[in-house]
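# Observations on chain architecture
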Amino acid sequence: MQQIKIKYFTDAIDKLEYIDGKSDWIDLRISETVSLKKGEFKLLPLGVAMQLPKGYEAHVVPRSSTFKTWGIIQTNSCGIIDETYCGDNDMWMFPAYATKDVTIEANSRICQFRIFEHQPTISFEEVNVLEGEDRGGFGSTGKQ
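Fair warning: this is a prediction, and the values are worked out from it, not measured in the lab.

### Some remarks on the side chain of serine 108
Tracing the backbone shows serine 108 in the loop between strand 10 (102–104) and strand 11 (109–117). Of the polar contacts made by the side chain of serine 108, one reaches the backbone oxygen of glutamate 105; its length is 2.8 Å. Every residue in contact with serine 108, bar those within four places of it in the chain, is listed here: Leu28, Arg29, Ile30 and Trp70.

This is the structure in C-alpha cells:
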C-alpha cells in the first residue's frame, strides 16, 4: 500500500478517504465558498497539498456530476500534478470556467483524482507499414 503525506489548509472540508472496493478515484472538495459569474475563470482551492511517492503523478478530473450541478468546466481537461509539486504551500487547485452564474459551497465535491506511475522511458522505431488491423482511421469505429 502506498502512503501519501497530506496537509490540510482548512477544517472546512472533510478528510480524504480511499473507499476500497468502490472506486480507486478519490473525491476532492472545494475548500471555501466561491461565486463565479458566467464566463469567469478562477482557480478553485481544494484545501490540500500532498507529497506523492517518487515516480508517481496525480491525474485530477471533474466528477461526472460537476458540470450538471454547477455548470463549470475544468479548463485543462485533466490536471497533472507530479511528485515535485509537494511544498508546504503547494495547495492543489481546480481551474474552473463558469458557463452560468454559480455559487459553490465549501466542502462540495467538485473533482476527483487518482495516482499513476510515470510513463517508462520509451523509444520510437520508424516503419513504413504497421502490422495491426486497419480500423478506418477514426476513433474506435472507423466512422466519421
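Alright, that's what it looks like, and here's the rest.
### Details of the nonpolar core
Within soluble globular proteins, side chains that are nonpolar generally end up buried alongside one another. Leu28, Leu44, Ile72, Trp92 and Ile110 are the most contacted members of the largest nonpolar core, which has 25 residues in total. Residues contacting isoleucine 110, with those up to four places away along its chain left out, are Leu28, Ile30, Leu44, Leu46, Pro62, Arg63, Thr66, Trp70, Phe94 and Ile104.

### Thoughts on the pattern of salt bridges
Evaluated as defined, the whole model comprises 5 salt bridges. One salt bridge connects arginine 29 with aspartate 14, and the closest N-O pair in it is separated by 3.5 Å. Separated by 15 residues along the polypeptide, arginine 29 in strand 2 (residues 26–29) and aspartate 14 in the loop between strand 1 (5–8) and strand 2 bring together distant segments of the chain. Residue arginine 109 pairs with aspartate 27 through a salt bridge whose shortest N-O separation is 2.8 Å. One end of the pair, arginine 109, is in strand 11; the other, aspartate 27, is in strand 2, and 82 residues separate them in sequence. By relative accessible area, arginine 109 is classed as partly exposed at 34%. Beyond isolated ion pairs, a larger network of salt bridges with shared partners links Asp27, Arg63 and Arg109.

### Structural notes on the sheet that holds strand 6 (residues 56–62)
Ordered in space as 2-11-6-8, the 4 strands form an open sheet in which the pairing is antiparallel. Because the sheet does not close on itself, it has two edges, and the strands there are strand 2 and strand 8 (79–82). Between one strand and the next, the sheet's axes are offset by a mean angle of 35 degrees, whatever the strand orientation. Direction of pairing for strand 2 relative to strand 11: antiparallel, over a ladder of 4 bridges. Looking at the pairing, arginine 29 lines up with arginine 109 of strand 11.

### Re the sheet that holds strand 4 (residues 41–45)
Here we have 3 strands laid out as an open sheet, ordered 4-9-7, and antiparallel in their pairing. Whereas interior strands pair on both sides, the edge strands pair on one side only; in this sheet they are strand 4 and strand 7 (72–74). Going across the sheet, the axis of each strand differs from the next one's by a mean of 40 degrees, ignoring polarity. Bridge count between strand 7 and strand 9 (residues 93–98): 3 bridges; the pairing is antiparallel. Looking at strand 9, one finds that isoleucine 72 is bridged to alanine 98.

The rules behind these values
- Residues numbered from 1 in each chain as written.
- Predicted model: local features only at pLDDT ≥ 70, side-chain atom pairs only at ≥ 80, totals over all residues.
- Heavy atoms only, no water.
- Helix = DSSP H or I, 4+ residues; strand = E, 2+ residues; numbered from the N terminus.
- Polar contact = N/O pair within 3.5 Å; in protein donor to acceptor, adjacent residues only side chain to side chain.
- Contact = heavy atoms within 4.5 Å.
- Core = buried A, V, L, I, M, F, W, Y, C linked by side-chain atoms within 4.5 Å.
- Buried < 20%, exposed > 50% of the residue type's maximum accessible area, 1.4 Å probe, protein only.
- Salt bridge = Lys/Arg side-chain N within 4 Å of Asp/Glu carboxyl O.
- Pairing = 2+ DSSP bridges.
- Axes fitted to C-alpha atoms, helices over the stretch in contact; angles between N-to-C directions.

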